[in-house]
Amino acid sequence: MNLYRRRVFRNRFNLLMSLGTMAFGMAFLLWILGVLVWRGFEAFSPTLFTQLTPPPGSKGGLANAIFGSFAMVGIATLIATPVGIMAGIYLAEYGRDTWVARVTRFVNDILLSAPSIVIGLFVYTVFVLNTKTYSGWAGSIALAIIAIPVIVRTTENMLHLVPASLREAAIALGAPLSRVILSVTLRSVRAGVITGVLLALARIAGETAPLLFTALNNQFWSADMSGPMANLPVTIFQYAMSPFEDWQHLAWAGSLLITLAVLLINIVARVMFRQHGGR
């Protein structure tokens, strides 16, 4: 009886500690989100999406920064998606336990944990210094390097979930391995792979450090990827650090905009992954 009571006590104690820890973390998260929503919605207006970033003391919006972020994140996703998926296919289907695959996984793990500012400095040294100008292309390359390891890891893990019997059945019908991968294995986990792409997109959407060294910023509207380009993360960083109240309001609005975008992407990714798991 005493043993039973001790076990019940330990169970309840651990349960209460777990709930307390969760409540402690959730309290700070809700506090941050509450302040962000309150301050962000104060600055929300139609001009946020129609006017350019203003000089101090003037009203304006974030139209050029929003466009620049969409352009660089979109191009980075277009670069990272095929590279990441093909690398994941190689690791899961071709390389497996070869030394090349082991080295690739090791490098990929390093890139997953590497600080984004280091990647920004790398692209600055390799690309910006050689072209002698900050550019949207340099920003897209830096963001793509950050996104690739996420897509590689997700694709490889998803392909490992495919039963070997499914591959063997397709090969027994005379299909070459490339056809088996494209038509059977990759198709059966496409929702999981797309989820990985969306998670990578959410990962790079709010990155500031690499863009400080690559795209920098631009006060004006510019669709020229070969020159400095406005973007939300750097604009938020500069405006939040400024002493001007109107800039600080725009920084809150931009922060809320990125948060809502990342939240939406994560919701879509979870819904797609749940549907994939259900099948």
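Heads up: these notes are all about the structure in this document. These numbers come from a predicted model, not from an experiment.

## Some details on the overall build of the protein chain
When its secondary structure is counted, the protein chain shows 12 helices and 0 strands. The helix and strand sequence of the protein chain, counted from the amino end, reads α-α-α-α-α-α-α-α-α-α-α-α. With respect to the principal axes defined by its C-alpha atoms, the protein chain has extents near 70 × 65 × 35 Å. Classification of the 279 residues of the protein chain by burial places 39% in the buried group. Across the protein chain, every contact between residues at least 6 apart in sequence was considered, and the portion connecting residues at least 24 apart equals 73%. As presented, the protein chain carries roughly 16,000 Å² of accessible surface, and 70% of it is formed by carbon and sulfur atoms. Separation between the mean location of the 20 positive side-chain charges and that of the 10 negative ones in the protein chain comes to 14 Å.

## As for unusual backbone geometry
A positive phi angle, close to 50 degrees, is found at Arg96, a residue other than glycine. Checked against the element boundaries, Arg96 lands in the loop between α3 (63–95) and α4 (99–113).

## A few points about the environment of Ser58
Its place among the elements puts Ser58 in the loop between α2 (47–50) and α3. Relative accessible area serves as the criterion here: at 32%, Ser58 is assigned to the partly exposed category. Spatially, the C-alpha atom of Ser58 lies 30 Å from that of Trp137, the residues being 79 residues apart in sequence.

## What about the side chain of Thr77?
Among the structural elements, Thr77 can be located in helix α3. In this structure the side chain of Thr77 is engaged in a polar contact, spanning 2.7 Å, whose partner is the backbone oxygen of Val73. Each residue touching Thr77, except ones within four places of it in the same chain, is listed here: Pro82, Val197, Leu201 and Ile204.

## A look at the pattern of salt bridges
Enumeration according to the criterion identifies 6 salt bridges in this entry. Note that Arg153 is salt-bridged to Asp109, the shortest N-O span being 2.0 Å. Residue Arg153 is found in helix α6 (residues 136–160), and its partner Asp109 is found in helix α4; the two are separated by 44 residues along the sequence. Looking at Asp109, the relative accessible area reads 34%, which means it is partly exposed. As a salt-bridge pair, Glu207 and Arg203 come within 2.3 Å of each other at their nearest N and O atoms. A cluster of three or more residues bridged by salt bridges with shared partners is formed by Glu93, Arg96 and Arg167.

## Considering the nonpolar core
By size, the foremost hydrophobic cluster in this structure holds 35 residues, and its most contacted members are Met72, Leu143 and Ile204. Listing elements by their share of this core, those giving two or more residues are α3, α6, α8 (177–188) and α9 (190–205). Setting aside residues up to four positions removed in sequence, Ile204 forms contacts with Val73, Ala76, Thr77, Leu143, Ile146 and Ala147. Ranked by size, the runner-up nonpolar core spans 15 residues in total, among them Leu48, Ala65, Trp247 and Ile258.

## Notes on α6
Look at α6: 36 Å from first C-alpha to last across 25 residues, which is about the 36 Å you get at 1.5 Å a residue. Its maximal kink placed at Ala147, α6 deviates by approximately 25 degrees, while the proline Pro149 follows within four residues. Of all 25 residues making up α6, 19 are buried, and the element is well covered by its neighbours.

Parameters at a glance
Throughout, residues of each chain are indexed from 1 in the direction in which the sequence is written. Residue-level local features of this predicted model are given only where pLDDT is at least 70; pairs of side-chain atoms are given and counted only at 80 or more, and the full residue set underlies all totals for whole chains, interfaces and linings. Values shown for side chains rest on all heavy atoms present in the structure; no hydrogens or waters enter the calculation. Numbering of helices and strands runs from the N terminus, with a helix taken as a DSSP run of H or I at least four residues long and a strand as a DSSP run of E at least two residues long. The rule is simple: take the accessible area with a 1.4 Å probe, protein chains only, and divide by the maximum for that residue type; under 20% is buried, over 50% is exposed, in between is partly exposed. Residues count as neighbours in contact if any of their non-hydrogen atoms are within 4.5 Å of one another. Surface accessibility follows the Shrake-Rupley procedure with a 1.4 Å probe radius. Residue values consider only the protein chains on display as shielding. For the purpose of counting charges, residues Lys and Arg are taken to be positive, whereas Asp and Glu are taken to be negative. His and the chain ends are not included. Note that the charge is assigned to NZ on lysines, CZ on arginines, CG on aspartates and CD on glutamates. Polar contact criterion, stated in full: a pair of N or O atoms within 3.5 Å, where within protein one must be able to donate a hydrogen and the other to accept it, and residues adjacent in sequence count only if both atoms are side-chain atoms. Only one rule defines a salt bridge in this text: a Lys or Arg side-chain nitrogen within 4 Å of an Asp or Glu carboxyl oxygen. Only buried residues count toward a nonpolar core, which is a set of Ala, Val, Leu, Ile, Met, Phe, Trp, Tyr and Cys residues joined through side-chain atoms within 4.5 Å. Here a helix's expected span is defined as the number of its residues, less one, multiplied by 1.5 Å. We define the bend at each residue as the angle formed by axes fitted to the 7 residues ending at it and the 7 residues starting at it.

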